[in-house]
Amino acid sequence: MRKKIAAGNWKMNTTPNEGKELVKNIMAGSPELKVHQEVYFFPPFTHLAAIAEVTGKQNFYTGAQNCSQHEKGAYTGEISTNMLKAIGAGHVIIGHSERRSIFGESHEILKEKSSAVIAAGLTLVFCCGETLEERESEQHYKIIDRQIKESLSHVTKDDMKKVVIAYEPVWAIGTGKTASPEQAQDMHGYIRTLLKSYFDETVASQTSILYGGSVNAANAKELFSQADIDGGLVGGASLKPEEFIAIIQALP
Ligand code: PEP
């Protein structure tokens with residue numbers, strides 16, 4: 001069975017103490033996770049060490065929202081994968097639409113970042129997603145294909161075991177507008193066909209694909225019950241303990 005995952009992307013929110021409290025409340029209020037269920041917390045860099053200390057057990061893990069593509073050196077303000085690993089982060093999000101649009105991260109940079117995450121032995125949570133304009137002009141399949149082809153398809157089949165994909169339509173992120181379960185399922189199914197063509201049948205059937213975009217306690221169950229949706233990457237609702245616990249409870 002594929003892993004079913006609830007991942008919380010906190011973006012630039014909470015202080016370290018607030019973050020630690022949030023994690024403690026969520027872990028205390030969550031049901032015992034089954035072997036195939038995992039929960040990831042993605043706090044800001046400054047909280048990682050403290051939060052990694054309380055996770056790493058009972059299938060709760062801590063990861064970073066970004067990393068440098070470089071190993072070390074004169075890159076002021078950057079954080080390398082080895083630094084993340086050293087403080088207990090096990091996962092890194094790459095390709096979030098905010099990194100693509102606000103920080104101008106190109107396919108090439110994201111390819112290098114994906115490689116850096118894999119080379120460090122960390123789990124890569126690779127995000128892809130189309131804008132509203134791209135969907136309305138029926139470019140969405142092409143866009144997702146391009147994002148995966150350019151920045152992920154170079155990964156070896158074996159390393160794909162350490163990759164989780166998050167499909168996040170940009171028009172649904174932070175907007176309260178969720179893709180319908182049918183729209184999300186359709187794209188997740190398409191992503192599996194891409195994985196089959198870039199890798200093989202095994203990779204296509206074993207890679208967890210999360211949906212992201214205004215997931216909340218009310219819509220999680222229906223989204224997660226779709227055949228190719230293996231959980232969610234959650235922004236706003238991951239900062240509210242009751243909401244995120246309900247999302248965890250909705251994992252199949
Ligand atoms: C996200 O930031 O990845 C996200 C999906 O945000 P939200 O759940 O708030 O739409």
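Here's a quick rundown of the structure.

Basis of the calculations
- Residues numbered from 1 in each chain as written.
- Predicted model: local features only at pLDDT ≥ 70, side-chain atom pairs only at ≥ 80, totals over all residues.
- Heavy atoms only, no water.
- Salt bridge = Lys/Arg side-chain N within 4 Å of Asp/Glu carboxyl O.
- Helix = DSSP H or I, 4+ residues; strand = E, 2+ residues; numbered from the N terminus.
- Buried < 20%, exposed > 50% of the residue type's maximum accessible area, 1.4 Å probe, protein only.
- Expected span 1.5 Å × (residues − 1).
- Contact = heavy atoms within 4.5 Å.
- Arc of directions from axis to C-beta.
- Pairing = 2+ DSSP bridges.
- Axes fitted to C-alpha atoms, helices over the stretch in contact; angles between N-to-C directions.
- Parallel < 35°, antiparallel > 145°, perpendicular 65-115°, else oblique.
- Nonpolar A, V, L, I, M, F, W, Y, C, P; charged D, E, K, R; others polar.
- Phe/Tyr/Trp six-rings, centres within 6.5 Å; stacked < 30°, edge-to-face > 60°.
- Lys NZ or Arg CZ within 6 Å of the ring centre and 35° of its normal.

This part is about the pattern of salt bridges. Following the criterion strictly, the structure yields 13 salt bridges and no others. The salt bridge involving Lys 4 is made with Asp 230; its shortest N-O contact spans 2.7 Å. With Lys 4 in strand β1 (residues 4-9) and Asp 230 in the loop between α10 (220-224) and β8 (231-234), this residue pair connects regions lying 226 residues apart in the sequence. Exposure class is identical for Lys 4 and Asp 230. Each is buried. The salt bridge partner of Asp 158 is Lys 161, with a shortest N-O separation of 2.6 Å. When salt bridges with common partners are traced through the structure, they connect Arg 2, Lys 4, Arg 192, Asp 228 and Asp 230 into a single cluster.

Okay, helix α5 (residues 107-119) next. Taking 1.5 Å as the rise per residue, α5 with 13 residues should run 18 Å; its terminal C-alpha atoms sit 18 Å apart, in good agreement. Residues Leu 110, Lys 113, Ser 114, Ala 116, Val 117 and Ile 118 constitute the buried set of α5. Buried residues in α5 make contact with α3 (81-86), β4 (91-94), α4 (97-101), β5 (123-128), α7 (140-151) and β6 (163-167). Note on α5: the residue one or two positions beyond its end, Gly 121, has a positive phi of about 80 degrees.

Right, let's get into helix α11 (residues 241-249). Owing to its 3.6 residues per turn, the α-helix brings residues three or four apart onto one side. Taken together, the buried positions of α11 are Pro 241, Phe 244, Ile 245, Ile 247 and Ile 248. Taken around the axis of α11, the buried residues stretch over an arc of 155 degrees, which confines them to a single face. Elements in contact with the buried residues of α11: β1, α1 (16-29), β2 (37-42), β3 (60-64), α10 and β8.

A few words now on the environment of Ala 172. Inspection of the secondary structure puts Ala 172 in the loop between β6 and α8 (181-198). We classify Ala 172 as buried; its relative accessible area is 0%. Separated by 101 residues in sequence, Ala 172 and Glu 71 have C-alpha atoms that sit 34 Å apart. With residues up to four places along the chain from it excluded, the contact list for Ala 172 reads Lys 177, Thr 178, Ala 179, Tyr 211, Gly 213 and Ser 214.

Attention now moves to the pairing of β8. Alternating residues of β8 divide into Gly 231 and Leu 233 and Gly 232 and Val 234, and every residue in both groups is buried. Looking at chain direction, β1 and β8 are connected through four bridges and run parallel. Opposite Ala 6, over in β8, you have Gly 232 as the bridge partner. Sheet analysis places strand β7 (residues 209-212) next to β8, joined by two bridges and oriented parallel. Note that in β8 the partner of Gly 212 across the bridge is Leu 233.

So, about the packing of α5 against α7. The description of two packed helices rests on the angle between their axes and on the distance between the axes. Two elements in contact, α5 and α7, have axes separated by 8 Å at closest approach and are oriented at 50 degrees. Overall, the two elements α5 and α7 adopt an arrangement that is oblique. Judged by residue contacts, His 107, Leu 110, Lys 111 and Ser 114 of α5 engage Arg 146, Gln 147, Glu 150 and Ser 151 from α7. Each residue belonging to the contact of α5 with α7 can be placed in one class, and the counts come to one nonpolar, four polar and three charged.

All right, on to the environment of Glu 71 then. The topology assignment puts Glu 71 in the loop between β3 and α3. Separated by 102 residues in the primary sequence, Glu 71 and Ile 173 have C-alpha atoms spaced 31 Å apart.

On to the sheet that holds β7. The parallel closed barrel is built from eight strands, whose spatial order is β1-β2-β3-β4-β5-β6-β7-β8. Going across the sheet, the axis of each strand differs from the next one's by a mean of 25 degrees, ignoring polarity. With two bridges connecting them, β3 and β4 associate as parallel partners. Across the sheet, residue Gly 63 finds its bridge partner in β4, namely His 91. Contacts from α7 reach β5 and β6 within the one sheet, and its direction differs from that of β5 by about 145 degrees.

Below, the discussion takes up the packing of aromatic side chains. Counted by the stated rule, this structure contains seven aromatic pairs. Between Trp 10 and Phe 41, the aromatic rings sit 6.3 Å apart at their centres with planes inclined by 65 degrees, giving edge-to-face as the arrangement. Note that Trp 10 is positioned in the loop between β1 and α1 and Phe 41 in strand β2, a separation of 31 residues in sequence. There is no split in this pair, since Trp 10 and Phe 41 are both buried. Between Tyr 40 and Phe 42, the ring centres sit 6.2 Å apart and the planes meet at 85 degrees, which makes this aromatic pair edge-to-face. Looking at Tyr 40, the relative accessible area reads 1%, which means it is buried. A relative accessible area of 0% means that Phe 42 is categorised as buried. The structure contains a cluster of three or more aromatic residues connected by ring pairs, namely Trp 10, Phe 41, Phe 60 and Phe 244. Stacked on the ring of Phe 103, the Lys or Arg Arg 99 has its end atom at 4.0 Å from the ring centre.

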